[in-house]
Amino acid sequence: MAKVKDLLQVADKNLVGGVDSPVRSFNYVGGEPILIKSGQGAGLYGLDGRKYIDYVLSWGSAILGHAHPRVVKDIRAKIGAGLSFGLTCETEIELSQEIKKAVKSIDKIRFVNSGTEAVMGAVRLARGYTGRLKILKFEHSYHGSADYLLAKSGSGLATLQIPASSGVPKDFIKHTLVAPFGDSKYLEKVFAKFGSQIAAVIVEPVGGNYGVISPDIKFLKRIRAITKKHGAILIFDEVITGFRFHYGTAAGKFGITPDLITFGKIIGGGLPVGAFGGRAKIMDNLAPLGKVYQASTFSGNPVVMQSGLSTLRALRKLKNSYPQLKKLVDHLKSNLIREAGLSGIDLNVASYESMFSLRFKKKADFVAFYRLMLGKGIFLAPSEFEANFISFSHKKSDIIRTIDAARLAFKQMAKKEKD
Ligand SMILES: *Cc1c(COP(=O)(O)O)cnc(C)c1O
């Protein structure tokens, strides 16, 4: 496959690390990343001519699977009418209606172009609305690549953060507090000290960026209560979880009403999107009605909005089928654990509904397993810390093929260990 080798070389020369987003470089697992030609349903086709069962699904975006016929048809019909106007279009209004119908706590919404932008807008709005400076996030959470959210916990009570990236000035994260997730006592201490200065708490209701972390609903409710008490805005970052577990938000599923919710991934149906929304009382502080500036040339782009709208409509029709996704994950999980055990390999599978992640005792085991699975046409997230996803296009036969591949991989790993 000389062609792929050549392309990878050009990619390495032209793009930093050969990629436009770091995890795509397969740094964690080593070896060459796959170059993608196309996707169809649960299948991903590499430029190397190989087919993979896709558990990454554009990092959770493609919940219908790739190239869903109805979504593709609707987008095709749309593009002939112009690609971007920088003005309000009908589809944008329709998509806002569709989301509002599914998410009762949202009066108003603003569409943007990425999850990062959605989070930045929500945080700025929270600060503008409350007139406060500090925001609180949790360890191991990911909220996009804005400077002030790239903070790791350092020492001191949620203070003295360490920038999680070079190029992020300490000054830019000095208003970012970081707390351990699930520790109510700690949270109370932070609020006792900084309560009147905290504009917002932002949280992933189900952890999806440090492996899959099952929701701690009690703790989420604790956050809701304490933010309410102190007049801080609660932001649920549902960029992954929005429309992932049912036709609505994780907030709706858990019976918690955050003040603001951010969306991304799924609601764009595969095109770049983000959105944030909440009660009108808060949202109306955004320009042009209010003093919190937020703007973008491509926000509410007609093609993106059509992609999102057609995706959500197709999902709404499937809304009673969400439990099937969980069933597939559960089947995969129990069999992976069993097969690993039979080969004497220590594997932990964390899962919640249609998301799962794999953790081996040793990183080397993950890497070995990953490379073997890739070789057998199974495309998993190339890091233990990234979530894997199931789409409505995944069939039982895909899961069985994956289990068969895993059985072989575990056996090869066990044999190698012996040799
Ligand atoms: C992916 C993600 C983001 C960032 O979205 P982008 O579209 O990549 O900017 C924010 N928050 C969470 C929880 C995410 O998973």
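Source: prediction; values computed, not measured.

Caption draft 1: Up close: the environment of Phe 410. If you trace the backbone, Phe 410 turns up in helix H13 (residues 396-418). Counting along the chain gives 66 residues from Phe 410 to Gly 344, while the straight-line C-alpha distance between them is 8.5 Å. Look past the residues within four positions of Phe 410 in its chain and what remains in contact with it is Leu 336, Glu 339, Ala 340, Ser 343, Ile 345, Leu 347, Phe 360 and Phe 369.

Caption draft 2: Representation of the site of the ligand within the structure. Contacts to the ligand come from Ser 114, Gly 115, Thr 116, Tyr 142, His 143, Gly 144, Glu 204, Asn 209, Asp 237, Val 239, Ile 240 and Lys 265. The separation between an oxygen atom of the ligand and a polar side-chain atom of Thr 116 is 2.6 Å. With the chains in place, 83% of the 380 Å² that the ligand exposes on its own is no longer accessible. In the shell around the ligand, the residues fall into three nonpolar, six polar and three charged.

Caption draft 3: Spatial organisation of the sheet that holds strand S16 (residues 388-389). With antiparallel pairing, three strands are arranged side by side in an open sheet as S13-S14-S16. Edge positions in the sheet fall to strand S13 (347-352) and S16, since each of these pairs with one other strand and no more. Direction of pairing for S13 relative to strand S14 (residues 355-360): antiparallel, over a ladder of six bridges. Among the inter-strand pairings, Ala 350 is bridged to a residue of S14, identified as Ser 357.

Caption draft 4: Just the environment of Leu 177, in detail. Considering the arrangement of structural elements, one finds Leu 177 in strand S8 (residues 176-179). The spacing of Leu 177 and Leu 372 is 195 residues in sequence and 41 Å in space, taken between C-alpha atoms.

Caption draft 5: Highlighting the domain arrangement of the chain. Domain annotation of the chain identifies domain 1 (2-67 + 325-418) and domain 2 (69-317). Each partner contributes to the interface: domain 1 provides 22 residues, whereas domain 2 provides 23 residues. For the pair domain 1 and domain 2, the summed buried surface comes to about 1800 Å²; carbon and sulfur atoms form 65% of the total. Summed over the shared surface of domain 1 and domain 2, the result is one salt bridge. Across the salt bridge formed by Lys 253 and Glu 353, the nearest N and O atoms sit 3.3 Å from each other. Run the count over domain 1 and domain 2 and you get seven residue pairs in polar contact (both at pLDDT 80 or more). Take the side of domain 1 that touches domain 2: its biggest share by element is four residues, from S14.

Caption draft 6: Seen up close, the side chain of Thr 176. When you line up the elements, Thr 176 lands in strand S8. Residue Thr 176 is classed as buried on the basis of its relative accessible area of 1%. At a separation of 2.7 Å, a polar atom in the side chain of Thr 176 contacts the main-chain carbonyl oxygen of Tyr 148.

Caption draft 7: Fine view of the side chain of Thr 402. Mapped onto the elements of the fold, Thr 402 is located in helix H13. Only 2.6 Å separates the side chain of Thr 402 from the side chain of Tyr 55, close enough to count as a polar contact.

Caption draft 8: Looking closely at the packing of aromatic side chains. Scanning all chains against the criterion turns up 18 aromatic pairs. Aromatic pair Tyr 28 and Phe 366: ring centres 5.8 Å apart, planes at 70 degrees, arrangement edge-to-face. Residue Tyr 28 is found in the loop between helix H1 (2-14) and strand S1 (36-40), and its partner Phe 366 is found in helix H12 (residues 363-375); the two are separated by 338 residues along the sequence. Residue Phe 366 is classed as buried on the basis of its relative accessible area, which comes to 3%. Ring geometry for Phe 360 and Phe 369: centres 5.3 Å apart, planes at 50 degrees, overall tilted. For the pair Phe 360 and Phe 369, a shared accessibility class is recorded, and that class is buried. An aromatic cluster of three or more residues is present, and its members are Phe 26, Tyr 28, Tyr 210, Phe 360, Phe 366, Phe 369, Tyr 370, Phe 379, Phe 385 and Phe 410. Positioned above the aromatic ring of Tyr 148, the side-chain terminus of Arg 127 is 5.4 Å from the ring centre.

Caption draft 9: A look at the pattern of salt bridges. This model, assessed by the stated rule, comprises 18 salt bridges. Measuring nitrogen to oxygen at the nearest pair gives 3.0 Å for the salt bridge that ties Asp 259 to Arg 224. On the criterion of sequence distance, the pair formed by Asp 259 in the loop between helix H8 (250-254) and strand S11 (260-263) and Arg 224 in helix H7 (residues 217-230) is long-range, its members being 35 residues apart. The exposure class assigned to Arg 224 is buried, which follows from its relative accessible area of 11%. Linking Arg 407 and Glu 339 is a salt bridge whose minimum nitrogen-to-oxygen distance equals 3.1 Å. Highlighted residues: Arg 407 in helix H13 and Glu 339 in helix H11 (residues 322-342), separated in sequence by 68 residues. The structure contains a network of salt bridges with shared partners spanning Glu 94, Glu 98, Arg 313 and Arg 316.

Caption draft 10: Quick peek at the sheet that holds S11. Sheet architecture is open: seven strands sit in the order S4-S12-S11-S10-S9-S5-S8, paired in mixed fashion. The sheet terminates laterally at strand S4 (108-112) and S8, the two strands that pair on one side only. Neighbour-to-neighbour, the strand axes of the sheet open up by a mean angle of 20 degrees, direction not taken into account.

Rules behind the numbers
- Residues numbered from 1 in each chain as written.
- Predicted model: local features only at pLDDT ≥ 70, side-chain atom pairs only at ≥ 80, totals over all residues.
- Heavy atoms only, no water.
- Helix = DSSP H or I, 4+ residues; strand = E, 2+ residues; numbered from the N terminus.
- Contact = heavy atoms within 4.5 Å.
- Near = heavy atom within 4 Å.
- Polar contact = N/O pair within 3.5 Å; in protein donor to acceptor, adjacent residues only side chain to side chain.
- Areas by Shrake-Rupley, 256 points an atom, 1.4 Å probe, with all protein chains shown as cover.
- Nonpolar A, V, L, I, M, F, W, Y, C, P; charged D, E, K, R; others polar.
- Pairing = 2+ DSSP bridges.
- Domains from an automatic or database assignment.
- Buried area = accessible area lost by both parts, 1.4 Å probe.
- Salt bridge = Lys/Arg side-chain N within 4 Å of Asp/Glu carboxyl O.
- Buried < 20%, exposed > 50% of the residue type's maximum accessible area, 1.4 Å probe, protein only.
- Phe/Tyr/Trp six-rings, centres within 6.5 Å; stacked < 30°, edge-to-face > 60°.
- Lys NZ or Arg CZ within 6 Å of the ring centre and 35° of its normal.
- Axes fitted to C-alpha atoms, helices over the stretch in contact; angles between N-to-C directions.

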